Amino acid sequence: MSTPTWRRAVLKVGSALIAPDGNGCSAKYLLAIARFITQCRERGIDIVLVSSGSVAAGRSHFDFSHQSLPVALKKAMAAVGQNEMMSNWSRFFDFPCAQVLLTHGDLGDRERYVSIKNTIEALLENQILPIVNENDTVATDAMKVGDNDNLAAMVATVADADTLVICSDVDGLYDKDPTVFSDAKRLPVVEEIDDHIFSLAGPPRNAIATGGMRTKVEAAEKASSHGIDTYIVNGRDGDTFEQLLRGDNPGTLFCKHHTPLSNRKHWLRHTIKAQGAVVVDHGAAQAVVEDGASLLSTGITDVEGEFERGDAVIIREGDKALAKGICQYSSWELNYLKGRHAGTINDTVEPGHPDEVIHRDNLTILEENYS
Ligand SMILES: Nc1ncnc2c1ncn2[C@@H]1O[C@H](COP(=O)(O)OP(=O)(O)O)[C@@H](O)[C@H]1O
Ligand SMILES: N[C@@H](CCC(=O)OP(=O)(O)O)C(=O)O
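Residues numbered from 1 in each chain as written. Chains lettered and ligands numbered in written order. Predicted model: local features only at pLDDT ≥ 70, side-chain atom pairs only at ≥ 80, totals over all residues. Heavy atoms only, no water.

As annotated in an unreviewed UniProt entry, the chain carries the name Glutamate 5-kinase and is attributed to Gallaecimonas pentaromativorans. The UniProt entry for the chain carries this comment under Catalytic activity (unreviewed entry): "L-glutamate + ATP = L-glutamyl 5-phosphate + ADP". (UniProt positions renumbered as here; feature names shortened; annotations may be inferred.)

Spelled out as C-alpha coordinates, the structure:
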(Lines give C-alpha, C1' and ligand atoms only; values in the text may rest on other atoms or scores of the structure.)
(Ligands and ions follow the chains in the order given, each with its own letter.)
Protein backbone atom coordinates (compact mmCIF):
# COMPACT_ATOMS: atom_id res chain seq x y z
CA MET A 1 0.00 0.00 0.00
CA SER A 2 1.57 3.34 -1.06
CA THR A 3 1.33 6.12 1.50
CA PRO A 4 2.04 9.84 1.58
CA THR A 5 4.73 10.66 4.13
CA TRP A 6 2.35 12.74 6.26
CA ARG A 7 1.81 12.29 9.97
CA ARG A 8 -1.03 14.77 10.46
CA ALA A 9 -2.88 16.80 7.81
CA VAL A 10 -5.48 19.55 7.83
CA LEU A 11 -7.89 19.31 4.90
CA LYS A 12 -9.82 22.47 3.96
CA VAL A 13 -12.97 22.11 1.86
CA GLY A 14 -14.47 25.26 0.29
CA SER A 15 -18.16 26.17 -0.14
CA ALA A 16 -18.09 25.43 -3.86
CA LEU A 17 -17.53 21.75 -3.06
CA ILE A 18 -20.22 21.57 -0.36
CA ALA A 19 -22.82 23.42 -2.42
CA PRO A 20 -21.97 23.28 -6.13
CA ASP A 21 -25.33 24.91 -6.96
CA GLY A 22 -24.83 27.77 -4.50
CA ASN A 23 -27.10 26.49 -1.76
CA GLY A 24 -27.93 23.37 0.24
CA CYS A 25 -25.56 20.47 0.90
CA SER A 26 -24.54 18.07 -1.81
CA ALA A 27 -22.81 14.70 -1.77
CA LYS A 28 -21.47 15.20 -5.30
CA TYR A 29 -17.85 16.03 -4.39
CA LEU A 30 -17.85 15.10 -0.73
CA LEU A 31 -18.05 11.37 -1.31
CA ALA A 32 -14.54 11.23 -2.82
CA ILE A 33 -13.20 13.60 -0.14
CA ALA A 34 -14.74 11.51 2.66
CA ARG A 35 -13.24 8.35 1.14
CA PHE A 36 -9.86 10.06 1.06
CA ILE A 37 -10.19 11.05 4.75
CA THR A 38 -11.03 7.43 5.65
CA GLN A 39 -8.12 6.09 3.59
CA CYS A 40 -5.69 8.54 5.25
CA ARG A 41 -6.88 7.44 8.69
CA GLU A 42 -6.46 3.77 7.69
CA ARG A 43 -2.85 4.62 6.82
CA GLY A 44 -2.30 6.12 10.28
CA ILE A 45 -2.50 9.76 9.16
CA ASP A 46 -4.41 12.05 11.54
CA ILE A 47 -6.90 14.29 9.73
CA VAL A 48 -8.51 17.54 10.85
CA LEU A 49 -11.20 18.81 8.49
CA VAL A 50 -11.86 22.53 8.05
CA SER A 51 -15.19 22.81 6.28
CA SER A 52 -16.84 25.91 4.81
CA GLY A 53 -20.39 25.78 3.53
CA SER A 54 -22.61 26.69 6.49
CA VAL A 55 -23.87 29.88 4.81
CA ALA A 56 -24.46 28.09 1.50
CA ALA A 57 -26.14 25.19 3.29
CA GLY A 58 -28.48 27.49 5.23
CA ARG A 59 -29.33 29.79 2.34
CA SER A 60 -32.27 27.72 1.07
CA HIS A 61 -34.24 28.35 4.30
CA PHE A 62 -34.42 32.08 3.70
CA ASP A 63 -36.45 33.96 1.17
CA PHE A 64 -33.69 36.25 -0.03
CA SER A 65 -32.51 36.61 -3.59
CA HIS A 66 -30.34 39.78 -3.62
CA GLN A 67 -26.61 39.45 -4.24
CA SER A 68 -25.35 41.27 -1.15
CA LEU A 69 -26.41 39.64 2.12
CA PRO A 70 -27.10 41.67 5.29
CA VAL A 71 -24.67 40.49 7.98
CA ALA A 72 -27.39 39.31 10.41
CA LEU A 73 -28.99 37.19 7.69
CA LYS A 74 -25.65 35.66 6.74
CA LYS A 75 -25.08 34.70 10.38
CA ALA A 76 -28.58 33.25 10.59
CA MET A 77 -27.88 31.18 7.46
CA ALA A 78 -24.61 29.99 9.00
CA ALA A 79 -26.39 29.03 12.24
CA VAL A 80 -28.96 26.82 10.51
CA GLY A 81 -26.57 25.62 7.80
CA GLN A 82 -23.81 24.56 10.19
CA ASN A 83 -26.09 21.82 11.53
CA GLU A 84 -26.86 20.58 8.06
CA MET A 85 -23.26 20.74 6.91
CA MET A 86 -22.19 18.69 9.94
CA SER A 87 -24.82 16.02 9.44
CA ASN A 88 -24.00 15.90 5.74
CA TRP A 89 -20.38 15.03 6.62
CA SER A 90 -21.34 12.61 9.41
CA ARG A 91 -23.32 10.34 7.10
CA PHE A 92 -20.14 9.50 5.13
CA PHE A 93 -18.21 8.19 8.14
CA ASP A 94 -18.56 5.24 10.48
CA PHE A 95 -16.50 7.07 13.13
CA PRO A 96 -17.68 10.09 15.15
CA CYS A 97 -17.26 13.71 14.06
CA ALA A 98 -16.78 16.64 16.46
CA GLN A 99 -17.86 20.20 15.75
CA VAL A 100 -15.20 22.81 16.57
CA LEU A 101 -16.27 26.43 16.04
CA LEU A 102 -13.55 29.07 16.39
CA THR A 103 -12.93 32.77 15.91
CA HIS A 104 -9.75 34.76 15.58
CA GLY A 105 -10.44 36.02 19.11
CA ASP A 106 -10.12 32.43 20.38
CA LEU A 107 -6.91 31.67 18.48
CA GLY A 108 -5.38 35.04 19.41
CA ASP A 109 -5.79 34.43 23.14
CA ARG A 110 -2.93 32.27 24.39
CA GLU A 111 -5.00 30.50 27.04
CA ARG A 112 -7.82 29.64 24.63
CA TYR A 113 -5.23 28.67 21.98
CA VAL A 114 -3.78 26.07 24.34
CA SER A 115 -7.29 24.85 25.21
CA ILE A 116 -8.10 24.44 21.48
CA LYS A 117 -4.81 22.58 20.99
CA ASN A 118 -5.53 20.17 23.85
CA THR A 119 -9.09 19.54 22.65
CA ILE A 120 -7.98 18.72 19.08
CA GLU A 121 -5.27 16.45 20.43
CA ALA A 122 -7.79 14.60 22.64
CA LEU A 123 -10.22 14.18 19.72
CA LEU A 124 -7.50 12.76 17.46
CA GLU A 125 -6.21 10.44 20.16
CA ASN A 126 -9.74 9.00 20.38
CA GLN A 127 -10.12 8.55 16.61
CA ILE A 128 -12.73 11.31 16.34
CA LEU A 129 -12.69 13.57 13.28
CA PRO A 130 -12.59 17.27 14.26
CA ILE A 131 -14.59 19.40 11.79
CA VAL A 132 -13.67 23.06 12.20
CA ASN A 133 -15.45 26.18 10.93
CA GLU A 134 -15.46 29.83 11.93
CA ASN A 135 -18.09 30.57 14.59
CA ASP A 136 -19.98 32.91 12.26
CA THR A 137 -22.77 33.66 14.74
CA VAL A 138 -20.47 35.34 17.24
CA ALA A 139 -17.64 36.53 14.97
CA THR A 140 -17.55 40.31 14.59
CA ASP A 141 -15.21 42.21 12.27
CA ALA A 142 -12.79 42.73 15.14
CA MET A 143 -12.59 39.06 16.12
CA LYS A 144 -13.12 37.05 12.94
CA VAL A 145 -10.56 35.36 10.73
CA GLY A 146 -12.92 36.06 7.83
CA ASP A 147 -11.99 33.21 5.52
CA ASN A 148 -11.46 29.52 6.02
CA ASP A 149 -8.17 29.35 4.09
CA ASN A 150 -6.41 31.43 6.74
CA LEU A 151 -8.41 29.66 9.45
CA ALA A 152 -7.17 26.30 8.10
CA ALA A 153 -3.55 27.50 8.26
CA MET A 154 -4.05 28.60 11.88
CA VAL A 155 -5.67 25.26 12.66
CA ALA A 156 -2.73 23.43 11.03
CA THR A 157 -0.40 25.31 13.37
CA VAL A 158 -2.45 24.76 16.51
CA ALA A 159 -2.94 21.07 15.63
CA ASP A 160 0.77 20.65 14.97
CA ALA A 161 0.10 19.29 11.46
CA ASP A 162 2.85 18.71 8.89
CA THR A 163 0.58 19.11 5.84
CA LEU A 164 -2.25 21.44 4.78
CA VAL A 165 -4.41 20.50 1.80
CA ILE A 166 -6.74 23.20 0.47
CA CYS A 167 -9.41 21.63 -1.75
CA SER A 168 -10.93 24.11 -4.17
CA ASP A 169 -12.53 24.20 -7.61
CA VAL A 170 -9.28 24.81 -9.55
CA ASP A 171 -6.22 22.61 -10.07
CA GLY A 172 -3.92 24.91 -8.06
CA LEU A 173 -2.28 28.33 -8.40
CA TYR A 174 -2.00 29.51 -12.01
CA ASP A 175 0.01 32.39 -13.46
CA LYS A 176 -3.40 34.08 -13.98
CA ASP A 177 -7.01 33.20 -13.20
CA PRO A 178 -7.75 30.07 -15.29
CA THR A 179 -11.50 30.71 -15.12
CA VAL A 180 -10.86 33.91 -17.13
CA PHE A 181 -7.75 33.12 -19.22
CA SER A 182 -7.67 29.89 -21.23
CA ASP A 183 -3.86 30.07 -21.65
CA ALA A 184 -3.22 30.22 -17.86
CA LYS A 185 -0.49 27.83 -16.68
CA ARG A 186 -0.41 25.99 -13.35
CA LEU A 187 2.61 26.39 -11.06
CA PRO A 188 3.29 22.86 -9.73
CA VAL A 189 5.74 23.95 -7.02
CA VAL A 190 6.30 27.26 -5.23
CA GLU A 191 9.55 27.31 -3.25
CA GLU A 192 9.13 30.82 -1.88
CA ILE A 193 6.07 33.03 -1.51
CA ASP A 194 7.01 36.58 -2.50
CA ASP A 195 5.20 39.64 -3.91
CA HIS A 196 5.26 38.10 -7.39
CA ILE A 197 3.36 35.01 -6.18
CA PHE A 198 0.82 37.23 -4.41
CA SER A 199 0.38 39.30 -7.58
CA LEU A 200 -0.82 36.17 -9.46
CA ALA A 201 -3.57 35.38 -6.96
CA GLY A 202 -6.92 36.98 -7.79
CA PRO A 203 -10.36 37.13 -6.13
CA PRO A 204 -13.05 34.41 -6.40
CA ARG A 205 -15.45 34.39 -9.36
CA ASN A 206 -18.01 32.42 -7.45
CA ALA A 207 -20.70 34.34 -5.47
CA ILE A 208 -20.69 31.91 -2.51
CA ALA A 209 -16.89 31.88 -2.07
CA THR A 210 -15.07 34.22 0.31
CA GLY A 211 -11.36 34.44 -0.35
CA GLY A 212 -10.34 33.42 -3.86
CA MET A 213 -6.71 32.56 -4.53
CA ARG A 214 -5.29 35.41 -2.44
CA THR A 215 -6.40 33.95 0.90
CA LYS A 216 -5.08 30.54 -0.19
CA VAL A 217 -1.63 32.01 -0.80
CA GLU A 218 -1.84 33.84 2.55
CA ALA A 219 -2.68 30.50 4.16
CA ALA A 220 0.25 28.82 2.40
CA GLU A 221 2.56 31.58 3.65
CA LYS A 222 1.37 31.13 7.25
CA ALA A 223 1.66 27.34 7.06
CA SER A 224 5.00 27.08 5.24
CA SER A 225 6.68 29.46 7.70
CA HIS A 226 5.64 26.99 10.40
CA GLY A 227 7.24 24.06 8.59
CA ILE A 228 3.98 22.83 7.01
CA ASP A 229 3.79 21.77 3.33
CA THR A 230 0.69 23.25 1.69
CA TYR A 231 -1.14 21.88 -1.36
CA ILE A 232 -3.87 23.64 -3.32
CA VAL A 233 -5.77 20.96 -5.22
CA ASN A 234 -8.95 20.46 -7.18
CA GLY A 235 -11.53 18.80 -4.94
CA ARG A 236 -13.88 18.28 -7.89
CA ASP A 237 -11.57 15.77 -9.49
CA GLY A 238 -11.58 12.32 -7.87
CA ASP A 239 -8.14 11.59 -9.35
CA THR A 240 -6.70 14.35 -7.11
CA PHE A 241 -7.09 12.11 -4.09
CA GLU A 242 -5.68 9.03 -5.82
CA GLN A 243 -2.58 11.07 -6.62
CA LEU A 244 -2.27 12.45 -3.09
CA LEU A 245 -2.54 8.92 -1.70
CA ARG A 246 0.29 7.83 -4.00
CA GLY A 247 2.41 10.66 -2.59
CA ASP A 248 2.17 12.67 -5.85
CA ASN A 249 1.37 16.35 -6.25
CA PRO A 250 -1.81 16.93 -8.28
CA GLY A 251 -1.95 20.71 -7.78
CA THR A 252 0.41 23.36 -6.41
CA LEU A 253 2.77 22.52 -3.58
CA PHE A 254 4.05 25.42 -1.46
CA CYS A 255 7.20 24.03 0.17
CA LYS A 256 7.69 24.33 3.91
CA HIS A 257 10.52 26.46 5.30
CA HIS A 258 13.36 24.33 6.57
CA THR A 259 14.01 26.63 9.53
CA PRO A 260 10.44 27.25 10.69
CA LEU A 261 9.44 29.78 13.35
CA SER A 262 8.86 28.37 16.82
CA ASN A 263 5.22 27.83 17.86
CA ARG A 264 5.17 30.96 19.98
CA LYS A 265 6.90 33.23 17.42
CA HIS A 266 4.56 31.93 14.73
CA TRP A 267 1.51 32.65 16.92
CA LEU A 268 2.82 36.16 17.55
CA ARG A 269 3.45 36.79 13.89
CA HIS A 270 0.48 35.16 12.20
CA THR A 271 -2.32 34.72 14.72
CA ILE A 272 -2.54 37.48 17.28
CA LYS A 273 -3.81 40.88 16.02
CA ALA A 274 -1.93 44.08 16.86
CA GLN A 275 -4.02 46.60 18.81
CA GLY A 276 -1.69 49.58 18.30
CA ALA A 277 1.89 50.62 17.58
CA VAL A 278 4.96 52.04 19.29
CA VAL A 279 7.21 54.23 17.17
CA VAL A 280 10.92 53.94 18.01
CA ASP A 281 14.12 55.83 17.23
CA HIS A 282 16.94 54.42 15.10
CA GLY A 283 18.98 53.13 18.05
CA ALA A 284 16.07 51.16 19.48
CA ALA A 285 15.20 49.82 16.01
CA GLN A 286 18.76 48.53 15.55
CA ALA A 287 18.88 47.03 19.04
CA VAL A 288 15.61 45.14 18.53
CA VAL A 289 16.12 43.93 14.94
CA GLU A 290 19.88 43.41 14.74
CA ASP A 291 20.93 42.66 18.30
CA GLY A 292 17.82 40.73 19.39
CA ALA A 293 17.32 43.08 22.36
CA SER A 294 14.13 43.80 24.30
CA LEU A 295 12.43 47.15 23.69
CA LEU A 296 12.95 49.69 26.48
CA SER A 297 11.03 52.92 27.06
CA THR A 298 14.07 55.13 26.27
CA GLY A 299 13.83 54.40 22.53
CA ILE A 300 10.10 55.02 22.18
CA THR A 301 9.16 58.31 20.53
CA ASP A 302 5.42 57.85 20.01
CA VAL A 303 2.48 55.61 20.92
CA GLU A 304 -0.43 54.94 18.58
CA GLY A 305 -3.86 53.51 19.39
CA GLU A 306 -5.26 52.40 22.72
CA PHE A 307 -4.12 49.10 24.16
CA GLU A 308 -3.95 47.29 27.47
CA ARG A 309 -1.07 45.48 29.15
CA GLY A 310 -0.63 42.12 27.40
CA ASP A 311 -1.93 43.29 24.01
CA ALA A 312 0.14 42.83 20.85
CA VAL A 313 1.57 45.95 19.20
CA ILE A 314 3.66 46.71 16.14
CA ILE A 315 7.11 48.28 16.63
CA ARG A 316 7.65 50.87 13.89
CA GLU A 317 10.45 53.15 12.77
CA GLY A 318 8.81 55.83 10.65
CA ASP A 319 6.45 53.94 8.32
CA LYS A 320 8.37 50.68 8.50
CA ALA A 321 6.81 47.88 10.59
CA LEU A 322 9.87 46.19 12.16
CA ALA A 323 8.48 43.77 14.70
CA LYS A 324 5.41 42.67 16.62
CA GLY A 325 5.31 41.80 20.29
CA ILE A 326 3.37 41.59 23.52
CA CYS A 327 3.51 44.91 25.35
CA GLN A 328 3.90 44.86 29.12
CA TYR A 329 2.49 48.38 29.48
CA SER A 330 -0.78 49.98 28.40
CA SER A 331 -0.86 52.81 25.86
CA TRP A 332 -1.63 55.40 28.53
CA GLU A 333 1.31 54.18 30.67
CA LEU A 334 3.61 54.34 27.65
CA ASN A 335 2.47 57.85 26.77
CA TYR A 336 3.93 58.82 30.13
CA LEU A 337 7.03 56.57 29.96
CA LYS A 338 8.14 57.13 26.34
CA GLY A 339 11.66 58.54 26.09
CA ARG A 340 12.29 58.01 29.82
CA HIS A 341 15.18 55.98 31.13
CA ALA A 342 14.27 52.32 31.72
CA GLY A 343 15.55 52.31 35.29
CA THR A 344 12.85 54.77 36.33
CA ILE A 345 9.95 52.59 35.22
CA ASN A 346 9.50 50.51 38.36
CA ASP A 347 9.34 53.54 40.58
CA THR A 348 6.97 55.57 38.44
CA VAL A 349 4.41 52.98 37.29
CA GLU A 350 4.35 50.00 39.63
CA PRO A 351 7.06 48.66 41.89
CA GLY A 352 8.35 45.31 40.63
CA HIS A 353 6.83 45.60 37.13
CA PRO A 354 9.41 44.60 34.46
CA ASP A 355 11.58 47.27 32.87
CA GLU A 356 11.21 45.85 29.35
CA VAL A 357 8.30 47.38 27.46
CA ILE A 358 8.41 44.39 25.10
CA HIS A 359 10.56 41.46 26.17
CA ARG A 360 12.62 39.87 23.38
CA ASP A 361 11.05 36.44 24.10
CA ASN A 362 7.64 37.95 23.31
CA LEU A 363 8.69 39.59 20.08
CA THR A 364 8.89 38.51 16.44
CA ILE A 365 10.82 40.36 13.74
CA LEU A 366 8.80 41.32 10.64
CA GLU A 367 11.55 43.19 8.76
CA GLU A 368 14.49 40.82 8.32
CA ASN A 369 16.38 43.03 5.84
CA TYR A 370 16.84 46.00 8.13
CA SER A 371 19.78 48.31 7.50
N1 LIG B 1 -4.01 32.76 -10.21
C2 LIG B 1 -5.10 32.04 -9.96
N3 LIG B 1 -5.04 30.69 -10.05
C4 LIG B 1 -6.13 29.91 -9.78
N5 LIG B 1 -7.35 30.42 -9.44
C6 LIG B 1 -7.47 31.77 -9.31
C7 LIG B 1 -6.36 32.63 -9.57
N8 LIG B 1 -6.77 33.90 -9.36
C9 LIG B 1 -8.07 33.84 -8.98
N10 LIG B 1 -8.51 32.58 -8.96
C11 LIG B 1 -9.89 32.19 -8.60
O12 LIG B 1 -9.89 31.59 -7.30
C13 LIG B 1 -10.97 30.66 -7.27
C14 LIG B 1 -10.84 29.71 -6.07
O15 LIG B 1 -11.14 30.40 -4.89
P16 LIG B 1 -12.61 30.32 -4.19
O17 LIG B 1 -13.67 30.50 -5.24
O18 LIG B 1 -12.59 31.26 -3.04
O19 LIG B 1 -12.64 28.81 -3.73
P20 LIG B 1 -13.11 28.06 -2.39
O21 LIG B 1 -14.60 28.21 -2.25
O22 LIG B 1 -12.66 26.67 -2.65
O23 LIG B 1 -12.37 28.70 -1.23
C24 LIG B 1 -10.88 29.99 -8.62
O25 LIG B 1 -12.09 29.37 -9.00
C26 LIG B 1 -10.50 31.16 -9.55
O27 LIG B 1 -11.64 31.78 -10.12
N1 LIG C 1 -17.59 30.20 7.54
C2 LIG C 1 -18.13 30.31 6.19
C3 LIG C 1 -17.07 30.02 5.16
C4 LIG C 1 -16.23 31.17 4.75
C5 LIG C 1 -15.23 30.80 3.64
O6 LIG C 1 -14.04 31.04 3.78
O7 LIG C 1 -15.75 30.17 2.53
P8 LIG C 1 -14.83 29.55 1.31
O9 LIG C 1 -14.14 30.68 0.57
O10 LIG C 1 -15.82 28.85 0.44
O11 LIG C 1 -13.86 28.62 1.94
C12 LIG C 1 -19.23 29.26 5.98
O13 LIG C 1 -19.21 28.20 6.62
O14 LIG C 1 -20.09 29.48 5.10
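**Student:** Account for helix α2 (residues 30–42), with residues named and values stated.
**Tutor:** With 13 residues, α2 should cover 18 Å at 1.5 Å per step; its first-to-last C-alpha distance of 18 Å lies within 8% of that length. Those residues of α2 that fall on the buried side of the exposure criterion are Leu30, Ile33, Ala34, Phe36, Ile37, Gln39 and Cys40. Among the structural elements, β1 (8–13), α1 (15–18), β2 (46–51), α4 (71–90), β4 (129–134) and α10 (238–245) are those in contact with the buried residues of α2. (Helix = DSSP H or I, 4+ residues; strand = E, 2+ residues; numbered from the N terminus. Expected span 1.5 Å × (residues − 1). Buried < 20%, exposed > 50% of the residue type's maximum accessible area, 1.4 Å probe, protein only. Contact = heavy atoms within 4.5 Å.)

**Student:** Let's hear about the site of ligand 2: which residues, and what values?
**Tutor:** Near ligand 2 lie 14 residues; those nearest to it are Lys12, Ser15, Ser52, Ser54 and Asn148. Here Lys12 contributes a side-chain N or O atom positioned 2.5 Å from an oxygen atom of ligand 2. Take Asp136: an N or O atom from its side chain is 2.8 Å from a nitrogen atom of ligand 2. In isolation ligand 2 offers 380 Å² of accessible surface; the protein chains occlude 93% of this area. Residue composition of the shell around ligand 2, by class: 2 nonpolar, 9 polar and 3 charged. (Near = heavy atom within 4 Å. Polar contact = N/O pair within 3.5 Å; in protein donor to acceptor, adjacent residues only side chain to side chain. Areas by Shrake-Rupley, 256 points an atom, 1.4 Å probe, with all protein chains shown as cover. Nonpolar A, V, L, I, M, F, W, Y, C, P; charged D, E, K, R; others polar.)

**Student:** Report on the site of ligand 1, specifying residues and quantitative values.
**Tutor:** Taken together, the neighbourhood of ligand 1 is formed by 25 residues, with Ser168, Asp169, Leu200, Gly212 and Lys216 sitting nearest. A distance of 3.2 Å separates an oxygen atom of ligand 1 from a polar side-chain atom of Asp177. Burial of ligand 1 by the protein chains amounts to 98% of its free accessible area of 580 Å². Where the shell around ligand 1 is concerned, the elements lending two or more residues are α1, β5 (163–168) and α9 (212–224). Ranked by residue count, the leading element in the shell around ligand 1 is α9, at 3 residues. Class assignment of the residues belonging to the shell around ligand 1 gives a composition of 11 nonpolar, 8 polar and 6 charged.

**Student:** Report on the UniProt feature "binding site: substrate" (unreviewed entry) in the chain, specifying residues and quantitative values.
**Tutor:** In this numbering, the UniProt entry assigns the feature "binding site: substrate" (unreviewed entry) to Ser52, Asp136 and Asn148. A maximum C-alpha distance of 11.1 Å places the annotated residues, which cover 97 residues in sequence, within one compact spot. Here Asp136 is to be found in the loop between β4 and α7 (148–158). Looking at Asp136, the relative accessible area reads 25%, which means it is partly exposed. Here Asp136 is in contact with Ser54, Lys75 and Ala78, once residues within four sequence places are set aside.

**Student:** Hey, could you go over the sheet that holds strand β12 (residues 320–326) for me, with residue numbers and the actual values?
**Tutor:** The mixed open sheet is built from 5 strands, whose spatial order is β10-β9-β11-β12-β13. Two strands bound the open sheet, and with one partner strand each, they are β10 (300–304) and β13 (363–365). Recorded for the sheet is a direction-independent mean angle of 25° between the axes of neighbouring strands. Note: strand β11 (residues 312–317) against β12, 6 bridges, orientation antiparallel. (Pairing = 2+ DSSP bridges. Axes fitted to C-alpha atoms, helices over the stretch in contact; angles between N-to-C directions.)

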